[in-house]
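Analysis of the macromolecular model
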Amino acid sequence: MSLEKKIRNFLQGPRKGEAYELKSGLVSQYKHERKDAIQRVIQAMTLGKDVSSLFPDVLKNIATYDLEQKKLVYLYLMNYAKTHPELCILAVNTFVQDTEDPNPLIRALAIRTMGCIRVNKMVDYMEIPLQRTLKDENPYVRKTAAICVAKLFDLNPQVCIEFGFLDDLKNLVNDGNPMVISNALNSLYEINDLNKSKDLDILIINYDLIKNLLLVLNECTEWGRITVLKCLNDYNCNSAEEANLIIQRVIPQLQHINPAIVLSSIKTILKHNQLLQKASQDANLKKLSSPLISLISNPIPEAQYVGLKNIRIILEKYPDILSKELRVFFIKYSDPLYLKLEKLDIMIRLSNENNFNLLLNELKEYSMEFEPSLIKKSIKSIGLIAIKLPTSIIKCINLIIELIDNRGGELIINESINCLTTILRKYPGKNDLITLILPIISNNFKIDEATHESIMSYIWLMGEYPNYFTGLTKILSSLWENNFNEFNNEIKLIWLNSIIKINLNKNLNNEIYSNLLQKTLNEITENCDDIDLRDKAYIYWRLLSVNDEQLTDKIILHKLPPIDSVIKNFSPQILNELINELGTLSTIYGKPSSTFIEAPSNEIKQVTEEKEIKDENLLDFDDEEEEGGTTTKNENILDELSDLFTNNSKSETDDILNLFNEMNITQPSQPSQTSSQSSQPSNSKNIDDLLDLF
Amino acid sequence: MGQTFSFTNIFGKLFYTQKEIRILILGLDGAGKTTILYRLQMGEVVTTKPTIGFNVETLKYKNLTLNIWDLGGQTSIRPYWRCYYSNTAAVIFVVDSTDKDRIDIASKELHLMLKEEELLDSALLVFANKQDQPGALTAAEVSQALNLTELKDRSWSIVASSAIKGEGLTEGLDWLMDVIKDEQL
Ligand SMILES: Nc1nc2c(ncn2[C@@H]2O[C@H](COP(=O)(O)OP(=O)(O)O)[C@@H](O)[C@H]2O)c(=O)[nH]1
Ligand SMILES: [Mg+2]
């Protein structure tokens, strides 16, 4: 469409209705009618109505001495510039004039609006106004112009660099005014993220800058402080003195009411703390505990949640930092469920020999609550404590028994079975535990009310400890007759393992077992749709027909090593990345930002004196990755894998994966002992099984 | 929605606001439009930059409130002139009388504009500007170059002017006021 035609189209506009009324108001010969119309247009705009068709007529009202009206027209312009890019040029004259206005408010408003009009044509006209406002005598105007540079860079990096705006912006980092400094920093960071060219120096952090930032930190606005803290965090100190100075200046920020500032401060302190002597490190860490607790005293539950997510990461790196603060995390009746679950997670991490009694009492109460996921997680947590703290084990088991006796019900029983089975995986073959646990399970397991997981636990236990079951033949025959066909492949796999183990058990000699084995092998090899499962049945079959007792014992009856802690942890590399991204979205996702946003092509540059020591370059993960060797890489791959599966829409797999993510207990027959592998889907699990066995 | 502001409306109508008469100043870039606008408004010669967009000023002239729009004359902006045509009482067309090379273009733009339906009733005042410069075409020569005599059914006039010296401007405006005041009030 030709320009002329376009313009004619705009001019036609509506002939009646509200839009028409507004349009005639906007071009009225009476001043007050025009203003009235503008107010109504803005009102409609804020209500979400599309009033973009009025663009040319609203624009006519931009050149006015009425500040209120000007603000409204600017507001409109920012909102709709994209709908009429070619008309924006008509506003240029006014913008340019306004950036020379005696009133700094108008100057700032003009440059701000100009920057927010993301229309390419505008770029050509920004030179003079932006140059002028970046050097304005008024700091309010300068700080506004500073942000504008990043917006221009986004539209057209070339122009931004050629006209020297980037250099002007760099100079503003040394401005006398804190707001200007923090905005300039912010803008430079933004440009750094936008930048695609490898050889452009954007933000150079040196000690002089740091010293200056430390001076202004206290005078900055809240957002400004966060930016300044980010920069302080990005700096790599050359000496313990530098680190100490930064830490001492940042410590007062820990008292700030804004949790984002508290988190940024904690992050900065944690980073530079590593350069200090052990004693000072510990002293500084102590100072972090009450700010951390302040995060969860926030009245807004969402803010508490963010606090908890960050605490969870910090705790993993510094487990002792809140060791005396368990009570703070006790669940409040009024907490939303997501807070309750998150708090449980933290409490488990804080559990130790001294406080587990207290914690178990709490868990008992939570298990009597009504939200199923809270009950489930509470029971799981009891198991986690038993595994983490061997001295607690009898107490934990007794608590579970108590729960079953006092409350019972499908949910509690199924979860308890899983939990007890996991405890046995940690302490395999301990007679006293087995005799304590197995009767509870066989007394309470009801196939009709069982979940997949509890069925798996149950069948696995029969294979592992057949002697402790009374009436095993009956139980097995009944399961075969009535339930086997409804089992999913995972349960069938465990059934296959267990039935073979029972047959190889020299104390159990019964035709029923060998019959069941034969039927199982027949059924799976003939009718099973899962290749891995079928293959596994074939292999067992072959193995049995070879009749080499030693070999079968070695492969099938091989005892698994006890499981380790089942509390989910990050790999060390990921943990370091997350620690460095405290207070950002990464902590909520539990993933480094590089996994969900594109990394800037440029690292923030730093000019350091010669004495820089490479090992202390804590920011540089690329280096670490190279040095870290295979383990880190492996974990990376696994992490990616589990990412893949988190997106898996098959709900069944999802559920199971979630279970594994929370706690690796639900698949007892899983012979592979590395907990990280359990997040693979069943198919590859089977392959793993085989590989491990051979 | 209109209710909210109706009080101001009545109040404004009664006491403050007068009906404004819309006047457009058009012409090629560099003709002196912006200089004329501010000379009329402030009585001073201002330093101008090319007008990317427009200026608008309100001024009282002989008890009338004039709303004078000075639109940029660059080739790139001329297509947007038409955005401003509606409700226009008069057009002041400014010609740089020393710019003989572009007077044909000026003529073409003038006639193109006058063909627009929205401007059929508008009066036309032409300033043959920059008369203070040596070699400037006279008003009669400009009139001829612009083919003004061809204009039918329109009140028009051409006045020799110098925005810098302030000559001819009030004379032209006086004529314009005479023509339009009957229609507007
Ligand atoms: N000598 C002379 N120069 C003028 C006159 N009017 C305007 N100018 C100059 O012509 C240039 C362009 O004027 P300007 O008002 O910006 O023209 P516009 O583009 O039509 O708005 C400026 O340098 C003015 O000083 C005039 O009457 N005489
Ligand atoms: Mg001009």
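Numbering of residues starts from 1 in each chain and follows the order in which that chain's sequence is written. For naming, the first written chain is A and the first written ligand is 1, with later ones following in the order written. The predicted origin of the model limits local features to residues at a pLDDT of at least 70 and limits the giving and counting of side-chain atom pairs to 80 or more, whereas totals for whole chains, interfaces and linings rest on all residues. Only hydrogens and water are removed before side-chain values are computed, so all heavy atoms of the structure are retained for them.

Within chain A one finds 36 helices and two strands. With a 1.4 Å probe rolled over the protein chains alone, any residue whose accessible area is under 20% of its type maximum counts as buried; one over 50% counts as exposed, and the rest are partly exposed. Scored against the burial criterion, the 694 residues of chain A give a buried share of 54%. What makes two residues a contact is simply this: any of their non-hydrogen atoms within 4.5 Å. Taking the intrachain contacts of chain A between residues at least 6 apart in sequence as the baseline, contacts between residues at least 24 apart amount to 67%. Methods summary: accessible areas were calculated by the Shrake-Rupley approach with a probe of 1.4 Å, and residue burial reflects only the protein chains presented. In the form shown here, chain A has an accessible surface area of approximately 31700 Å², with 50% of it arising from carbon and sulfur atoms. In DSSP terms, a helix is any run of H or I states spanning at least four residues, a strand is any run of E spanning at least two, and both are numbered starting from the N terminus.

A few words on the overall build of chain B. Broken down by element type, chain B carries five helices and six strands. Each helix and strand of chain B, ordered N terminal to C terminal, gives the series α-β-α-β-β-β-α-β-α-β-α. Long-range contacts, defined here as pairs at least 24 residues apart, represent 73% of the contacts in chain B between residues at least 6 apart. Here chain B displays about 8700 Å² of accessible surface, and carbon together with sulfur accounts for 51% of that area.

Residue and element names in this part refer to chain B. The working definition used for a salt bridge is a side-chain nitrogen of Lys or Arg within 4 Å of a carboxyl oxygen of Asp or Glu. Counted under the stated rule, the structure contains 34 salt bridges over all chains. Two residues, Arg 102 and Asp 29, come together in a salt bridge whose shortest N-O distance is 3.1 Å. Highlighted residues: Arg 102 in the loop between strand E4 (90-96) and helix H3 (103-114) and Asp 29 in the loop between strand E1 (20-26) and helix H2 (33-42), separated in sequence by 73 residues. The partly exposed category is assigned to Arg 102, whose relative accessible area is 23%.

All names here are of chain B. Surrounding the magnesium ion (ligand 2) are the protein donor atoms Thr 34 (OG1) and Thr 51 (OG1), which sit 2.0 to 2.1 Å from the metal. With Thr 34 in helix H2 and Thr 51 in the loop between H2 and strand E2 (54-61), this pair connects stretches of sequence that are 17 residues apart. Here Thr 34 matches Thr 51 in class, with each residue buried. Here a donor is an N, O or S atom found within 2.8 Å of the metal, or within 3.2 Å if the metal is Na, K or Ca; sites may look incomplete because water is not among the atoms.

Listed per partner, the contact involves 34 residues of chain A and 34 residues of chain B. Sorting the residues of chain A by area buried against chain B places Gln 29, Lys 60 and Leu 90 of chain A first, and these three jointly supply 23% of that buried surface. Note that Arg 34 of chain A and Glu 20 of chain B form a salt bridge whose closest N and O atoms lie 2.7 Å from each other. Among the elements of the structure, helix H1 (3-12), helix H3 (31-46) and helix H6 (92-98) of chain A are those that each provide at least two residues to the side of chain A that touches chain B. Residue contributions to the side of chain A that touches chain B peak at eight residues, all from H3 of chain A. What counts as buried area is the accessible surface, traced by a 1.4 Å probe, that two parts surrender upon association, with contributions from both included.

Residue and element names in this part refer to chain A. With respect to the secondary-structure elements, Glu 18 resides in helix H2 (residues 17-26). For Glu 18, a relative accessible area of 33% translates into the label partly exposed. Sequence separation between Glu 18 and Asp 50 is 32 residues, and the spatial gap between their C-alpha atoms is 12 Å.

Grouped together as the largest cluster of nonpolar side chains are 235 residues, with contacts concentrated most on Tyr 76, Leu 130 and Leu 232 of chain A. Per-element accounting of this core gives the leading share, nine residues, to helix H28 (residues 489-504) of chain A. If sequence neighbours within four positions are ignored, Leu 232 of chain A has contacts with Ile 210, Leu 213, Leu 214, Leu 217, Ile 246, Val 250, Thr 268 and His 272 of chain A. Throughout, nonpolar core names a set of buried Ala, Val, Leu, Ile, Met, Phe, Trp, Tyr and Cys residues whose side chains join them through atoms within 4.5 Å. By size, the runner-up hydrophobic cluster in this structure holds 28 residues, among which are Ile 23, Leu 66, Ala 90 and Ile 92 of chain B.

A word on the packing of aromatic side chains. Whether two aromatic rings pair depends on their centres lying within 6.5 Å, for rings of Phe, Tyr and Trp, where Trp uses its six-membered ring; planes under 30 degrees apart make the pair stacked, over 60 edge-to-face, and the rest tilted. Scanning all chains against the criterion turns up 18 aromatic pairs over all chains. When the centroid spacing of 5.9 Å and the interplanar angle of 40° are considered together, the rings of Phe 55 of chain A and Tyr 76 of chain A count as tilted. You can see Phe 55 of chain A sitting in helix H4 (residues 55-59) and its partner Tyr 76 of chain A sitting in helix H5 (residues 67-80), a full 21 residues away along the chain. We count a charge as sitting over a ring when the NZ of a lysine or the CZ of an arginine lies within 6 Å of the ring centre and within 35 degrees of the ring normal. Taking NZ or CZ as reference, Lys 60 of chain A lies 5.4 Å from the ring centre of Tyr 84 of chain B, over its face. Above the plane of the ring of Tyr 333 of chain A lies Lys 340 of chain A, whose end atom (NZ or CZ) is 5.9 Å from the centre.

Residue and element names in this part refer to chain B. Neighbouring ligand 1 are 16 residues; Gly 30, Lys 33, Thr 34, Thr 35 and Thr 48 lie closest to it. Contact between ligand 1 and Ala 31: an oxygen atom at 3.2 Å from a main-chain N or O atom of the residue. The separation between an oxygen atom of ligand 1 and a polar side-chain atom of Lys 130 is 3.1 Å. When ligand 1 sits alone it has 580 Å² of accessible area, and the protein chains cover 79% of it. Split into classes, the residues belonging to the shell around ligand 1 amount to four nonpolar, eight polar and four charged. Any residue with at least one heavy atom within 4 Å of a molecule or strand is counted as near it. Identification of polar contacts relies on pairs of N or O atoms within 3.5 Å, with a donor-acceptor requirement for protein atoms, meaning one able to donate a hydrogen and the other able to accept it, and with residues adjacent in sequence counted only if both atoms are side-chain atoms. In this classification, Asp, Glu, Lys and Arg are treated as charged, Ala, Val, Leu, Ile, Met, Phe, Trp, Tyr, Cys and Pro as nonpolar, and every other residue, Gly included, as polar.

Quick look at the pairing of E2 of chain B now. Residue and element names in this part refer to chain B. For E2, the buried fraction is high: six of the eight residues fall into the buried class. Bridge count for E2 against strand E3 (residues 64-71) is eight bridges, and the pairing is antiparallel. Each residue of the ladder has a partner; that of Phe 54, found in E3, is Leu 71. Strands pair, by our definition, only if DSSP identifies at least two bridges between them. In sequence, E2 turns back onto E3 through a hairpin of two residues, with Lys 62 there showing a positive phi of about 50°.

For the rest of this paragraph, the subject is the confidence of the model for chain A. Per-chain confidence: chain A averages 84 in pLDDT, with 85% of residues scoring 70 or above. Looking at any residue, its pLDDT shows the predictor's confidence there, from 0 to 100. Across residues 608-694 of chain A, confidence stays below pLDDT 50; counting only partners more than four residues off in sequence or on other chains, it has 116 contacts.

Right, let's get into helix H18 (residues 278-295) of chain A. Any helix carries an expected span of 1.5 Å times its number of residues minus one. An ideal rise of 1.5 Å per residue puts 26 Å on 18 residues; H18 of chain A measures up with 26 Å between its terminal C-alpha atoms. Packing partners of the buried residues in H18 of chain A comprise helix H16 (240-250), helix H17 (259-273) and helix H19 (301-317) of chain A.

Attention now moves to the sheet that holds E2 of chain B. All names here are of chain B. An order of E2-E3-E1-E4-E5-E6 is seen for the six strands of this open sheet, with the pairing classed as mixed. Each end of this open sheet is capped by a strand with a single partner; those strands are E2 and strand E6 (156-160). Strand-to-strand twist in this sheet, taken as the mean axis angle between neighbours without regard to direction, amounts to 20°. In this sheet, E3 lies alongside E1 in parallel orientation, the contact comprising six bridges. Geometry is summarised by axes, namely lines fitted to C-alpha atoms with helices restricted to the contacting stretch, and by angles between N-to-C directions that run from 0 to 180 degrees.

The next subject is the packing of H3 of chain A against H5 of chain A. Residue and element names in this part refer to chain A. Between H3 and H5, the least distance of the axes is 10 Å, while the angle of their chain directions is 40°. With respect to each other, H3 and H5 are oriented oblique. Remark: the crossing between H3 and H5 carries left-handed chirality. Each of Lys 35, Ile 38, Gln 39, Val 41, Ile 42 and Met 45 in H3 lies in contact with H5, whose residues at this interface are Glu 68, Gln 69, Leu 72, Val 73, Leu 75, Tyr 76, Asn 79 and Tyr 80. Roughly parallel here means an angle under 35 degrees, roughly antiparallel means over 145, roughly perpendicular means 65 to 115, and every remaining angle is called oblique. Crossings are classed by handedness, with left-handed meaning an anticlockwise turn of the near helix from the far one by less than a right angle and right-handed meaning a clockwise turn.

Residue and element names in this part refer to chain A. Between H2 and H3, whose axes approach to 7 Å, the crossing angle comes to 140°. Taken together, H2 and H3 sit at an angle that is classed as oblique. Crossing of H2 over H3 shows left-handed handedness. Contact with H2, carried on its side by Glu 21, Leu 22, Gly 25 and Leu 26, involves Glu 33, Arg 34, Ala 37, Ile 38, Arg 40 and Val 41 of H3 and no other residues of that element.

A word on H2 of chain A. Listed as buried for H2 of chain A are Leu 22, Lys 23, Gly 25 and Leu 26 of chain A. Buried positions in H2 of chain A, seen along its axis, are confined to an arc of 160° and lie on one side of it. Picture the helix axis, draw a direction to every C-beta atom, and the arc is the one those directions span.

The subject of this paragraph is unusual backbone geometry. All names here are of chain B. A positive phi angle, close to 50°, is found at Lys 62, a residue other than glycine. Along the chain, Lys 62 falls in the loop between E2 and E3. Despite not being glycine, Asn 63 has its phi angle at roughly 70°, a positive value. Looking at the element boundaries, Asn 63 is found in the loop between E2 and E3.

A word on the side chain of Asn 483 of chain A. With respect to the helices and strands, the residue Asn 483 of chain A is situated in helix H27 (residues 472-483). Other than its neighbours up to four places away in sequence, Asn 483 of chain A contacts Ile 447 and Ser 478 of chain A.

A separate point is the confidence of the model for chain B. Residues and elements named next belong to chain B. On average, chain B scores 88 in pLDDT, and the residues at 70 or more come to 89%. Confidence drops under pLDDT 50 across residues 1-15; counting only partners more than four residues distant or on other chains, this segment forms 15 contacts. Across the predicted assembly, pTM comes out at 0.75 and ipTM at 0.87.

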